[in-house]
Amino acid sequence: MRARRALPIAVAAVLSAAALSSPARADSHDDAEADAAIKRGVELRRHAKDQDALEEFRKAYALVKSARALAQIGLAEQALGRWVDAENDLAEAMASKSDPWIRKNLSTLNGAVDVIRKHLGSLDVIGPAGAELLIDGRVAGTLPLAKPARVPIGSLTIEVKKDGFFPATRPVSIAAGELTRESVDLQPQPVAPAVRTPPVVTPAEGGATPGPLPGIPGHTEPVSTHPYDQPEHAGGAQRTLAWVAAGGALAGVGVGVGALLLHNSKLDDANHVPCNIMSDGTVSPPNAADGPRCQNLANSADQAKVGSIIAFSAAGALAITSAILFVTSSSSSSSSSSSSHSSSTLVCAPSLFTASASCQLRF
């Protein structure tokens with residue numbers, strides 16, 4: 001760190017002497033103010049107050065855009081480690097070769113430039129045309145770059161982004177005095193499908209909207225919007241009920257089979273006791289001690305038998321209902337088209353105790 005600070009301080013001392021020894025330009029008030037600001041900046045540099053000195057040099061350059069003020073700005077930026085800005089400002093100042101102050105201090109300025117370039121490298125980024133390049137979060141230009149960007153040595157982060165593409169970010173290592181090239185490919189973002197907005201239909205008198213008549217250009221006829229005149233909706237609801245009834249029938253068969261198996265299992269248990277189960281449900285086991293157990297088995301077998309009968313009956317009723325609903329749903333579209341303002345609904349309900357279903361036609 002001491003070695004790094006030694007050269008800028010030495011340069012400041014040389015240039016401060018040159019600034020003080022150079023003839024003051026008092027052609028105008030601005031010239032005098034600019035000279036005073038440069039002298040204050042040089043004095044601040046001697047006390048290692050480089051940031052304050054930079055502000056004074058910028059004030060001088062704002063008053064009079066002289067090569068001397070710009071060179072002092074570059075030297076202060078060098079002391080602050082702002083290598084890219086220092087190189088740019090010194091190069092611009094040294095381009096004024098006819099300036100007496102630049103010619104007098106040219107060797108010192110060249111030495112400062114050599115030190116600055118040891119802290120810089122070049123970076124060229126290749127990517128989609130029109131993409132924006134950011135280096136360590138700062139905008140560095142638009143691809144393709146007119147020339148490689150000058151960047152400080154070490155590790156930095158580049159980001160390339162463009163509308164319609166996913167941005168890409170990656171670390172890059174920069175070596176002193178070398179050109180580093182990075183090629184970046186951006187992946188396109190998926191395009192969302194366009195959402196089509198359905199046209200707004202204004203109902204006409206009588207609940208109908210005008211629609212084109214096939215075969216006759218420009219002719220319209222009333223198109224019904226009454227809910228009962230749409231056979232697809234009625235048929236769809238009946239088909240849904242038909243599938244529900246079919247599912248209930250399958251469930252009823254499963255329950256019935258399970259109850260029947262339970263009934264047979266209880267009878268097998270009664271035979272192993274053994275139990276004499278009469279037709280009226282009473283039991284007369286040879287051993288009186290088995291009476292309560294046999295009676296429980298007889299009751300369970302009887303309940304399972306009744307459950308299986310009810311389940312099978314319900315399954316049969318639901319199966320019949322499902323078949324009727326399937327038939328009526330397929331014919332509802334044709335029947336409703338013949339009568340646009342009348343409708344009928346077939347309502348069926350299964351009987352829980354008999355293998356049948358009761359149906360009612362509602363108008």
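Residues numbered from 1 in each chain as written. Predicted model: local features only at pLDDT ≥ 70, side-chain atom pairs only at ≥ 80, totals over all residues. Heavy atoms only, no water.

1. Observations regarding the pattern of salt bridges
Stated formally: By definition here, a salt bridge exists when the distance from a side-chain nitrogen of Lys or Arg to a carboxyl oxygen of Asp or Glu is within 4 Å. Helix and strand labels come from DSSP, where a helix needs a run of H or I of at least four residues and a strand needs a run of E of at least two; each type is numbered from the N terminus. Per-residue accessibility, obtained with a 1.4 Å probe over protein chains only, is compared with the maximum for each type, and a residue is labelled buried under 20%, exposed over 50%, and partly exposed between these values.
The full count for this structure, using the stated rule, is 11 salt bridges. For arginine 68, the salt bridge is made with aspartate 35, and the minimal N-O distance between the two is 2.3 Å. You can see arginine 68 sitting in helix α4 (residues 67–79) and its partner aspartate 35 sitting in helix α2 (residues 29–46), a full 33 residues away along the chain. Exposure remark for arginine 68: the relative accessible area of 13% places this residue in the buried category. Between arginine 58 and glutamate 55 there is a salt bridge whose closest N-O contact spans 3.8 Å. In this pair, arginine 58 and glutamate 55 both sit in helix α3 (residues 50–63), 3 residues apart, roughly one turn of the helix. For arginine 58, a relative accessible area of 37% corresponds to the partly exposed category. Here the salt bridges share partners, and the residues they tie into one network are Arg40, Glu56 and Lys59.

2. Topic: the environment of glutamate 178
Worth spelling out the cut-off: Here a residue-residue contact requires only that any non-hydrogen atoms of the pair lie within 4.5 Å.
Within the secondary structure, glutamate 178 is located in the loop between β6 (168–174) and β7 (179–183). Accessibility expressed as a relative area gives 48% for glutamate 178, which makes it partly exposed. Residues glutamate 178 and serine 122, spaced 56 residues apart in sequence, show a C-alpha to C-alpha distance of 6.1 Å. Dropping the residues within four chain positions of it, glutamate 178 is found in contact with Gly121 and Ser122.

3. Structural notes on a nonpolar patch on the surface
Selection criterion: A patch consists of residues whose relative accessible area exceeds 30% and which take part in no salt bridge; residues with like charges are grouped when within 9 Å of each other, and nonpolar side chains (Val, Leu, Ile, Met, Phe, Trp, Tyr) when within 5 Å. Values of accessible area rely on a 1.4 Å probe in the Shrake-Rupley scheme; residue burial ignores everything except the protein chains shown.
Together, Val253, Val257, Leu260, Leu261 and Phe312 line one region of the surface with nonpolar side chains, adding up to about 400 Å² of accessible area. When residues in the nonpolar patch are grouped by element, the largest group, 4 residues, is from helix α8 (residues 231–272). Locating leucine 260 in the fold gives a position in helix α8.

4. Some words on the layout of surface pockets
Note the threshold: Definitions used throughout: a 1 Å grid over protein atoms alone; a cavity as a set of points that fits a 1.4 Å probe which cannot get out; a pocket as an open set with protein on both sides within 12 Å along at least five of seven lines; a lining residue as one with an atom within 4 Å of a point. Grid points are joined across faces, edges and corners, and a volume is the space filled by probe spheres set on the points. Nonpolar residues are Ala, Val, Leu, Ile, Met, Phe, Trp, Tyr, Cys and Pro. Charged residues are Asp, Glu, Lys and Arg, and all others, Gly as well, are polar.
Considering only enclosed or pocket space, the largest pocket measures out at about 580 Å³ in volume. Elements that contribute at least two residues to the lining of the largest pocket include exactly α5 (83–94), β3 (138–142), β4 (149–152) and β5 (154–161). When its residues are assigned to classes, the lining of the largest pocket shows 11 nonpolar, 4 polar and 6 charged.

5. So, the confidence of the model for the protein
To be explicit about the condition: Values of pLDDT, the confidence the predictor places in each residue, fall between 0 and 100.
Put simply, the protein has an average pLDDT of 78, and 69% of its residues get 70 or more. Predicted confidence is poor over residues 17–26, with pLDDT under 50, and the contacts of this stretch with residues over four places away or in other chains come to 16 contacts.

6. Some points on the sheet that holds strand β1 (residues 120–126)
Sheet strands pair by backbone hydrogen bonding; their relative direction is either parallel or antiparallel. This is how it is decided: Here, a strand pair is defined by DSSP locating no fewer than two bridges between the strands. Axis lines are fitted to C-alpha atoms, over the contacting stretch for helices. Their N-to-C directions set the angle, which ranges from 0 to 180 degrees.
The strand order β4-β1-β7 describes an open sheet built from 3 strands, whose pairing is mixed. Here the strands that pair on one side only, and so sit at the sheet edges, are β4 and β7. Taken pair by pair, the neighbouring strands of this sheet meet at an average axis angle of 35 degrees, ignoring direction. In the packing of α5 onto the sheet, the strands contacted are β1 and β4, and the crossing angle to β4 comes to about 130 degrees.

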